Amino acid sequence: MGRRSSKPFWARDYRKSAYNRQYYFKKKMQDKLASVGIMLLGGAVIFGWLFPSHNTTNNTNIDPISPKSASATIPSPERASVLGKSYLPDFDCSVNHSKDSIATMLCQNSEAAKHELIFDQSYYALRQIVGKDGWKALKQEVVSDDAEFAECLNPPTAPDDQRPPLADPTCYITHMDALTEKYKGRLTGAPLQEASRSIDQHIALQQDLINLGFLRGTSQADGVYGEGTRAAIIKWQKSRGDAVADGFLSDSDAERLSSQSALLASTAPVLRDTSSVAPVHPYEAVPAIHSDNDQSGSNALYYLIIFVVGIAALYAVAKIMQAKAYQAAWDAVSKEIFSQKLNLQISRAQKLTKDQYGTLQTEAWATEISYFMKTRIDGIINSGITNENLRQKLRASAINLIADLAAHPLPVNAGTAAYVSNPAVFDTRMNPFDYEQHCALILRNAGWDAHATQKSGDQGADVIAKKGNVRIVVQCKLYSGTVGNDAVQQAFAAQNFQGANGAIVATNSTFSQSARQVAATTGVILSHHTQLPTAAEEIYSRVNDLPFIP
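Residues numbered from 1 in each chain as written. Predicted model: local features only at pLDDT ≥ 70, side-chain atom pairs only at ≥ 80, totals over all residues. Heavy atoms only, no water.

Draft legend 1. Here's a closer look at the pattern of salt bridges. All told, the structure shown has eleven salt bridges when counted by the stated rule. Note that Arg-186 is salt-bridged to Glu-141, the shortest N-O span being 2.8 Å. Residue Arg-186 is found in the loop between α5 (169–184) and α6 (189–195), and its partner Glu-141 is found in helix α4 (residues 132–145); the two are separated by 45 residues along the sequence. Take Arg-186: its relative accessible area is 33%, and that puts it in the partly exposed class. Close ionic contact of Glu-537 with Lys-467 constitutes a salt bridge, the shortest N to O distance being 2.8 Å. Residue Glu-537 is located in helix α18 (residues 532–543), and its partner Lys-467 is located in strand β6 (residues 463–467); the two are separated by 70 residues in the primary sequence. What makes Glu-537 partly exposed here is its relative accessible area of 25%. (Salt bridge = Lys/Arg side-chain N within 4 Å of Asp/Glu carboxyl O. Helix = DSSP H or I, 4+ residues; strand = E, 2+ residues; numbered from the N terminus. Buried < 20%, exposed > 50% of the residue type's maximum accessible area, 1.4 Å probe, protein only.)

Draft legend 2. A look at the environment of Ser-509. Within the secondary structure, Ser-509 is located in the loop between β9 (502–507) and β10 (510–511). On the basis of relative accessible area, Ser-509 is assigned to the buried category, the value being 10%. Here the alpha-carbon distance between Ser-509 and Ile-346, two residues 163 residues apart in the chain, equals 9.0 Å. When near neighbours in sequence (up to four residues on either side) are disregarded, Ser-509 contacts Gln-350, Tyr-479, Ser-480, Gly-481 and Thr-482. (Contact = heavy atoms within 4.5 Å.)

Draft legend 3. Layout of the side chain of Glu-194. Mapping Glu-194 onto the fold places it in helix α6. Those residues in contact with Glu-194, other than ones at most four positions away along the chain, are Ala-125, His-202, Tyr-225, Arg-230, Gly-247, Phe-248 and Leu-249.

Draft legend 4. Structural view of the state of the cysteines. This model, assessed by the stated rule, comprises two disulfides. With its sulfur 2.1 Å from that of its partner, Cys-93 forms a disulfide with Cys-107. Its torsion about the S-S bond being -90°, the disulfide of Cys-93 and Cys-107 is classed as left-handed. One end of the pair, Cys-93, is in the loop between α1 (21–50) and α2 (101–108); the other, Cys-107, is in helix α2, with 14 residues separating them in the sequence. A relative accessible area of 22% means that Cys-107 is categorised as partly exposed. (Disulfide = S-S within 2.5 Å.)

Keep in mind these numbers describe shape, not what the thing actually does.
Structure below.
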């Protein structure tokens, strides 16, 4: 659910992390205090049941417990949407917006505010897809599109009128609907189904999440799916054992969520009307019990202290074991992420691209992070942690660490002077022959006797490397596009021509699907140039029948 602020959503700064240390420290302390209070209360109730005679002095002042005091209600899954409902924009209208014509108009015109909320559905769906790394670029894109709304401002007719121009709601709605279709066109599958629902349906589904306990009861169902609502949807999907918990409500998910909330409402206990019940006399409700043992009071206190200390000790042991399990799981997760740092850096550099208009495309990188989490991290977390809240916390921390490490730049020449190609320093601007020498240098630094061949007569072998009884050929492709299968075929031909034990195609870019298919058939290894030592060692281990540890 979107947090209210005095600014429109495209002007907000989303760089502040949701996982703030102070917030989690405070929440952790609150959880501990609540747990201790519940345990002490339970202990007192059990103790009172086991030792009902601990008070032997005077029972005449004990009042019977009213049946109404034990009543509990479950919030009715009442839908927030009604015919003719008035809508407000996704920012705080109580703040003075007199100098902002569009903001003033949105706070006064319900229909215009509704169309802005409709746009929010596509925008927040895209935010969930691109992830935190893509929020800034997406916001900048929306800000640039915001310039179109200047057409909707009508300046005052009188020359001396100093009032701000008035915004035309009809013009605003027209431009906003066009903007909605533009961003909605980038959605498919569950995100598209979600963005196609009405605002009232979104409000109703958020209320369902509140009724079911997945979204805090203090939250307001406003139809904006911010981080809180996304986290609640993921928690609900995981509680159902869904294979994909991506935070989106498809049509089938929405139907199941509404049905589940309706079922909860239908099975909620009906409050019993006790207004006509005859009052119970205090002596009948809790009869006085007298004892001749004057030491019962002190014995009761002794047993109570022992019980409380025992509960506190069990709680402390449980928390210590939970903390150790969490730390062990995090150590294993961070170790795996750090071991894959280079692969993540390469993948991020390959997946983050710009389209022909200069817009940053982050979908592929977000998908890659999800794939890495599913194949490498989720198994570690699930095997070491059973608490779902701790699992989510570990996943969030892991994703943050992945994003931070992957953002570290690969070696590049950052000089400000006129560029001069240098085989010792990789740069996408270097000439192809220097790139071949750079690949040879990488292998020499890894212990291989490697050298770049002449520019002609190499029969496809740009680099020849030797180590012991193993001889390999490398074809180096400095590309800005995708390397195709012809490079693989040339490398395989060079291997046969040179009588080598193996062949590698190294590039700074990516490989096409057909290239990977030919490589699988010929045994040629496809590699990023930074991974040349690993690829070469794989061939060396294979020739000498040695175990290969990547």
